[in-house]
Each structure stands twice: as structure tokens, then as C-alpha cells.
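Per-entry structural report
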Amino acid sequence: RWLLFAYLLPTGLALVLTGGQVLVADAWGRVEVLEASAGAPIWSAQRQGWGEAGMVVEAGRCYLGSADGWLYALAAADGSEVWRLYTGASLPSKPLASQGQLYTAARSGQLLQVDLLSGTRLGQADTQSPVVAGPVGAEDRLVVGCEDGYVRAFRQQSLAPPWQQRLT
């Protein structure tokens, strides 16, 4: 039953398994939370627009970086919208939560640093090219893969760029 269910879902599907729940975001803007052991629906929500999404769960919230250009914070308990921040991103970015902050890609090659609780933009860095992979965290660094073939690192707190490497 679960394999059939997963197979019938649309491409562009994002899945997160956390705390006995399955979070699902589809390309049509729907977000659903199911009970992991039986698949019973817990709650559902609708994003502003459509497009693929990347999700992370942290501090009782579901954070979604969406191809509809918005970064969403939804309450994990009931799916109510806590805050929303316009990023302009046309590619879905799975946000990275670290030390009370959220990092996500934005339009035109920017890496945004956002407060987890309020959604306030704390800083941004120029990635020089649209981000197609990441951000991922390693130690005190953020790493992104960019459309121009470079992998670029940034320091988490300052967003200073310590290195970049072109992939061959």
C-alpha cells in the first residue's frame, strides 16, 4: 500500500520523516502530514502558489523553500502559517537550520540568512550564480553548488566566502 501510494504521487514530491510523521509537499502547493505507522492524515495546508519544495523540520516548525518564490514556516502541530518570506527563488531550496538560523537560496544567486523564529532576514551573500544544490552545513560552513559549475563555501555566522572550487 505505501509503495503504491508513493508511486502514484507526482514528480517534484518532497518527503520528510520526523517524529513518527511523514511530511509531504507536492508540486501543486499542497503540504500534508501523515501519521507514519498507519498513514492517517494529521493536517494539510496549501502554499501560496505551486512548484516543488524542499523541507526541513526544526524547533516545532516545518520550513519549506518553494519554487513559488516563498520561504514558509508552518507550525508542525497543525500546519498553520507562522511566517512567510519572499525569496524570489524559482528553484526549490531545502532550507538548512543551524544555531537558531535558517539558510536558503534566493533568486539571482543569493544565500539568505533568516531568523528561525521570526522570519526576519539577518543577512545575505552573493553566490555569483543561481544555487542548484544546497545549502548543506559542515562544521561552521555552508556549502552550495551553483549553476556556473562552482561549489562555494560560506561561514555560517558572517556569510564570508572562504573558498570556491570549479568542478571539472
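Residues numbered from 1 in each chain as written. Predicted model: local features only at pLDDT ≥ 70, side-chain atom pairs only at ≥ 80, totals over all residues. Heavy atoms only, no water.

**Re the overall build of the protein**
- Broken down by element type, the protein carries one helix and 16 strands.
- Within the protein, the proportion of its 168 residues that are buried is 46%.
- Total accessible area on the protein stands at roughly 8,700 Å², and carbon and sulfur atoms take up 54% of it. (Helix = DSSP H or I, 4+ residues; strand = E, 2+ residues; numbered from the N terminus. Buried < 20%, exposed > 50% of the residue type's maximum accessible area, 1.4 Å probe, protein only. Areas by Shrake-Rupley, 256 points an atom, 1.4 Å probe, with all protein chains shown as cover.)

**Describing the side chain of D26**
- Tracing the chain through its elements places D26 in the loop between β2 (21-25) and β3 (30-35).
- Judged by relative accessible area, D26 falls into the buried class, the value being 16%.
- From its side chain, D26 meets the backbone nitrogen of W28 in a polar contact 2.9 Å long. (Polar contact = N/O pair within 3.5 Å; in protein donor to acceptor, adjacent residues only side chain to side chain.)

**A short note on the sheet that holds strand β14 (residues 141-146)**
- Read from one edge of the open sheet, four strands run β13-β14-β15-β16, paired in antiparallel fashion. Edge positions in the sheet fall to β13 (131-138) and β16 (163-166), since each of these pairs with one other strand and no more. Going across the sheet, the axis of each strand differs from the next one's by a mean of 15°, ignoring polarity.
- The pairing of β13 with β14 spans five bridges and is classified as antiparallel. Bridge assignment links G137 to a residue of β14, and that residue is L142. (Pairing = 2+ DSSP bridges. Axes fitted to C-alpha atoms, helices over the stretch in contact; angles between N-to-C directions.)

**A closer look at the pairing of strand β8 (residues 81-86)**
- Pairing geometry for strand β7 (residues 70-75) and β8, over five bridges, is antiparallel. Counterpart to L74 in the pairing with β8 is E81.
- Linking β7 back to β8 in an antiparallel pair, the connection comprises five residues, with G79 at a positive phi of about 80°.

**A short note on the environment of F154**
- Checked against the element boundaries, F154 lands in strand β15 (residues 150-155).
- The class of F154 is buried, set by a relative accessible area of 2%.
- Setting aside chain neighbours within four positions, we find F154 in contact with L111, A125, D126, T127, D140, R141, L142, V144, L159, A160, P161 and P162. (Contact = heavy atoms within 4.5 Å.)

**A short note on the environment of Q128**
- Checked against the element boundaries, Q128 lands in the loop between β12 (121-126) and β13.
- Each C-alpha atom of the pair Q128 and S108 lies 8.0 Å from the other, and the pair is 20 residues apart in sequence.
- With sequence-adjacent residues up to four places away left out, Q128 is seen in contact with G109, D148, R152 and Q164.
- At a separation of 3.4 Å, a polar atom in the side chain of Q128 contacts the side chain of R152.

**Examining the sheet that holds β7**
- The sheet built from four strands is open, its strands ordered β5-β6-β7-β8 with antiparallel pairing. The open sheet has two edge strands with one neighbour each: β5 (53-58) and β8. The average undirected angle you get between the axes of adjacent strands in this sheet is 15°.

**Here's the deal with the packing of aromatic side chains**
- Evaluation of the coordinates by the stated rule reveals two aromatic pairs.
- Aromatic side chains Y63 and W83 sit 5.9 Å apart centroid to centroid with 45° between the ring planes, which places their arrangement in the tilted category. Here the residue Y63 occupies a position in strand β6 (residues 61-66), and W83 occupies one in strand β8, the gap between them amounting to 20 residues.
- For Y63, a relative accessible area of 0% translates into the label buried.
- Judged by centre distance (5.1 Å) and plane angle (70°), the rings of W70 and Y86 are edge-to-face. In this pair, W70 is assigned in strand β7 and Y86 in strand β8, connecting sequence segments 16 residues apart.
- The exposure class assigned to Y86 is partly exposed, which follows from its relative accessible area of 44%. (Phe/Tyr/Trp six-rings, centres within 6.5 Å; stacked < 30°, edge-to-face > 60°.)

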